[in-house]
Amino acid sequence: MQRVVLKFGGTSVGIASHFAGAQALVLSRAKLDAKPPIVVVSALTGVTNLLVDYAALPGRRAALATQVAGRHASFASEIGVGVAPIETLLAEWHERTASHSTAAALPPAERDHVLAFGERLSAALFAAGLRARGAAATAVLAGDAGLVTDERFGAAHPLPESAALLAQSLGARGDIAVVTGFLGRTADGRVTTLGRGGSDYSAALVGAAVSADEIQIWTDTSGMLSADPRIVPEARPVAHLSFAEASELAYFGAKVLHPKTLLPAIERGIAVRILNTARPDDPGSRITATADPSADSWRVKSIASKKRVTAVTIVSTRMLLAHGFLARVFEVFGRHHLVVDLVTTSEVSISVTLDDTSRLDDALAELEGIGRVEVREGLAVVAVVGEGAPARLGLAGHVFTLLGGVGIGVEMISQGASRVNLSFVVREDDADRTVRLLHRGLGLDAEVGERSAAN
Ligand code: ADP
Ligand code: ASP
Ligand code: MG
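Draft legend 1. Spatial organisation of the overall build of the chain. Along its length, the chain carries 15 helices and 16 strands. For 455 residues, the compact-globule estimate of 2.2 N^0.38 gives 23 Å, and the C-alpha radius of gyration of the chain, at 23 Å, lies within 12% of that figure. With the principal axes as the frame, the chain shows a C-alpha extent of 70 × 55 × 40 Å. In the chain, which comprises 455 residues, the share counted as buried stands at 53%.

Shown next, in the form of structure tokens:
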């Protein structure tokens, strides 16, 4: 291949044995390919959580500041590079933290500045490790490389010009750039973050910008699995997924991939692979534009679930044949930036699910002017995903018979809108056993493994 972008997540860079494996992978890539690989790194595992607490909990600030510094210093010696490569950054950290009051949570821009230390420190350590192994490598702040964003601190969007800027600064480098994941920068130079888990997205933005042959997401599972392994320990890797399948899974809770990751890859048709740093010879998952060509491609591949979902139902007797009702309802959601996941309608009502309800209260007052509003919290969306699966005769019947058999009530069903996803809502308390039941009931524990071997 010409060029590969390799992204290493928190466990890959934050555990000494995996760190060494990650470094070896980058070095062997450098030997194979025409152009040096580009590396994107997350903060060491757990560090972003510490920094989030630091920003939110003034009372614990002093202790957390010390903990963050100590963690990096001891990791630096554990991986054998010593503290020298991060000395300047640690001094900056001490200076910055000394300037914070211990009275209030940090405002959003300052919070992003604090979170950025995680990726800045890990990029510095990763680049130092590569240099110690004889490679030419430089830590690069994503903002310096051209990843410019809007000013939505905490959930910033890249600006369209960032692609050309990234291509210009990273495209022709002769050394290995180790780019900070998760971070961007406003036009006036303030650091932003792309949302939790956003390093995957950074890697895809970089990969698309430099027209990489492949974007590799190196993590702690051997690919996208048939379910979340924390819920279904026997979940198996899925060998191949289409962009549509993987996007749905990421959106509905498969944390292994940030939901926005595939957008840049789809635009440029670049394959994404999910691979295990601790088991680099495992084939992992390959995600491409095309669905499986095989005849049995309609099979369910994976089940995802998203908790802390709220359903809002608006009932209006006036809806009966009243045009404009749905438009009015969605106009209210749109104006309040409420993202709707599932929608079901009847003649007199509409129900939607939301996972971010931080702006719901304002919208509710307006919705009450349209109809009677009912809000139900504590729900979960379960998504059964496989290209063509929802259209498969009997899948829905099979799924709901399995659930009915053990008394799991289904609150809302959204079928038919997507060719890859049968999704429905259950009570949050029932979500895990629903996923486990379907994983077994739909034969995923056996079939996915066999299909992996065949693909
Ligand atoms: P990284 O630090 O490498 O970005 P993450 O913790 O963000 O890693 O994502 C990997 C984790 O995602 C896995 O360890 C697993 O617990 C979780 N996960 C949830 N659903 C899935 C799935 N379908 N396949 C693989 N991993 C999943
Ligand atoms: N370190 C960031 C987080 O924990 C970004 C990432 O891991 O992708 O959210
Ligand atoms: Mg992640």
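What follows picks up the thread again.
Draft legend 2. Summary view of the site of ligand 2. Taken together, the neighbourhood of ligand 2 is formed by Ser42, Ala43, Thr48, Glu119, Phe182, Arg196, Gly197, Gly198 and Ser199. Note that a nitrogen atom of ligand 2 is positioned 2.7 Å from one of the side-chain N or O atoms of Thr48. At 3.4 Å from an oxygen atom of ligand 2 is found a main-chain nitrogen or oxygen belonging to Gly198. When ligand 2 is considered free in solution it has 260 Å² of accessible area, and contact with the protein chains removes 85% of it. Grouping the constituent residues of the shell around ligand 2 by class yields two nonpolar, five polar and two charged.

Draft legend 3. Expanded view of the nonpolar core. If you look at the biggest cluster of nonpolar residues, it comprises 52 residues, and the most contacted ones within it are Phe8, Val39, Trp93, Phe126, Leu130 and Val178. Going through the elements one at a time, β1 (4-8), α2 (16-32), β2 (38-41), α3 (47-56), α4 (61-78), α5 (87-98), α6 (108-132) and β4 (176-180) are the ones with two or more residues in this core. With twelve residues, the single largest contributor to this core is α6. In this structure, Phe126 is in contact with Phe8, Val13, Phe19, Ala22, Gln23, Val26, Val39, Val41 and Val178, ignoring residues within four places of it in sequence.

Draft legend 4. Looking closely at the pairing of strand β13 (residues 349-354). Of all six residues making up β13, six are buried, and the element is well covered by its neighbours. Side chains Ser349, Ser351 and Thr353 project from β13 onto one buried face, and the interleaved Ile350, Val352 and Leu354 project onto a second face that is buried too. Where strand β11 (residues 302-315) meets β13, six bridges bridge the pair, whose relative direction is antiparallel. The residue of β13 that forms the bridge with Thr313 is Ser351. Across four bridges, strand β12 (residues 340-345) lies against β13 in antiparallel orientation. When the sheet's bridge partners are listed, Val343 is paired in β13 with Val352. Following β12, the chain reverses through three residues before pairing antiparallel with β13.

Draft legend 5. Looking closely at the packing of α3 against α6. One can describe the packing of α3 onto α6 by two numbers: an axis separation of 9 Å at closest approach and a directional angle of 160°. Judged on the interaxial angle alone, α6 and α3 are roughly antiparallel. α6 is crossed by α3, and the crossing has right-handed handedness. Contacts between α3 and α6 involve Val47, Thr48, Leu51, Val52, Tyr54 and Ala55 from the first element and Arg111, Val114, Leu115, Gly118 and Glu119 from the second. Considered class by class, the residues forming the contact of α3 with α6 number seven nonpolar, two polar and two charged.

Draft legend 6. Looking closely at the site of ligand 1. Taken together, 16 residues sit near ligand 1, with Gly10, Thr219, Asp220, Leu225 and Lys255 positioned nearest. Here an oxygen atom of ligand 1 sits 3.0 Å away from a polar atom, N or O, in the side chain of Lys7. Within the side chain of Arg230, an N or O atom sits 3.1 Å from an oxygen atom of ligand 1. Burial of ligand 1 by the surrounding chains reaches 88%, relative to a free accessible area of 570 Å².

Draft legend 7. Examining the confidence of the model for the chain more closely. For the chain, the mean per-residue pLDDT works out to 93, and 95% of the residues sit at or above 70. Below pLDDT 50 for its whole length, residues 448-455 participates in 18 contacts with residues either more than four positions away or in separate chains.

Draft legend 8. Quick look at the sheet that holds strand β14 (residues 372-385). Overall, antiparallel pairing links the six strands, which are arranged β12-β13-β11-β14-β16-β15 in an open sheet. Here the strands that pair on one side only, and so sit at the sheet edges, are β12 and β15 (412-414). On average, adjacent strands in this sheet sit at an angle of 30° to one another, irrespective of strand direction. Relative to the sheet, helix α11 (residues 325-335) contacts β11, β12 and β13, its axis offset from that of β13 by approximately 25°. Helix-sheet contacts for helix α13 (residues 395-405) involve β15 and β16 (421-427), and the interaxial angle to β16 is about 20°.

Draft legend 9. View of the packing of aromatic side chains. Tallying each qualifying case throughout the model produces nine aromatic pairs. Seen in terms of ring centroids, Phe19 and Phe126 are 5.4 Å apart; in terms of plane orientation they differ by 65°. Their pairing is edge-to-face. Taken together, the positions of Phe19 in helix α2 and Phe126 in helix α6 put the pair 107 residues apart, joining distant regions of the chain. According to the relative accessible area criterion, Phe19 is buried, its value standing at 1%. Accessibility expressed as a relative area gives 0% for Phe126, which makes it buried. Arranged with centres 5.4 Å apart and planes meeting at 50°, the rings of Tyr54 and Trp93 form a pair that is tilted. Remark: Trp93 occurs in helix α5 and Tyr54 occurs in helix α3; sequence separation between them is 39 residues.

Draft legend 10. Quick look at the sheet that holds strand β8 (residues 240-242). The strand order across the open sheet built from eight strands is β3-β4-β2-β1-β7-β9-β10-β8, with neighbouring strands paired in mixed fashion. Either end of the sheet is taken by a strand with one partner, and the two such strands are β3 (137-140) and β8. When strand polarity is set aside, the average angle formed by the axes of neighbouring strands in this sheet is 20°. Inspection of the sheet shows β1 paired to strand β7 (residues 214-219) by five bridges, in the parallel sense.

Draft legend 11. Expanded view of the pattern of salt bridges. Counted according to the given criterion, the structure contains 24 salt bridges. Close ionic contact of Lys301 with Glu245 constitutes a salt bridge, the shortest N to O distance being 3.0 Å. In this pair, Lys301 sits in the loop between β10 (285-288) and β11 while Glu245 sits in helix α9 (residues 243-251), placing the two residues 56 residues apart along the sequence. The class for Lys301 is buried, based on a relative accessible area of 3%. Its salt-bridge partner being Arg376, residue Glu374 comes within 3.7 Å of it at the nearest N-O pair. Using a relative accessible area of 24% as the deciding quantity, one classes Arg376 as partly exposed. A cluster of three or more residues bridged by salt bridges with shared partners is formed by Arg427, Asp429, Asp430 and Arg433.

What counts, and where the lines are drawn
- Residues numbered from 1 in each chain as written.
- Chains lettered and ligands numbered in written order.
- Predicted model: local features only at pLDDT ≥ 70, side-chain atom pairs only at ≥ 80, totals over all residues.
- Heavy atoms only, no water.
- Helix = DSSP H or I, 4+ residues; strand = E, 2+ residues; numbered from the N terminus.
- Rg over C-alpha atoms; globule rule 2.2 N^0.38 Å.
- Buried < 20%, exposed > 50% of the residue type's maximum accessible area, 1.4 Å probe, protein only.
- Near = heavy atom within 4 Å.
- Polar contact = N/O pair within 3.5 Å; in protein donor to acceptor, adjacent residues only side chain to side chain.
- Areas by Shrake-Rupley, 256 points an atom, 1.4 Å probe, with all protein chains shown as cover.
- Nonpolar A, V, L, I, M, F, W, Y, C, P; charged D, E, K, R; others polar.
- Core = buried A, V, L, I, M, F, W, Y, C linked by side-chain atoms within 4.5 Å.
- Contact = heavy atoms within 4.5 Å.
- Pairing = 2+ DSSP bridges.
- Axes fitted to C-alpha atoms, helices over the stretch in contact; angles between N-to-C directions.
- Parallel < 35°, antiparallel > 145°, perpendicular 65-115°, else oblique.
- Left-handed = near helix turned anticlockwise from the far one by under 90°.
- pLDDT = per-residue confidence, 0-100.
- Phe/Tyr/Trp six-rings, centres within 6.5 Å; stacked < 30°, edge-to-face > 60°.
- Salt bridge = Lys/Arg side-chain N within 4 Å of Asp/Glu carboxyl O.

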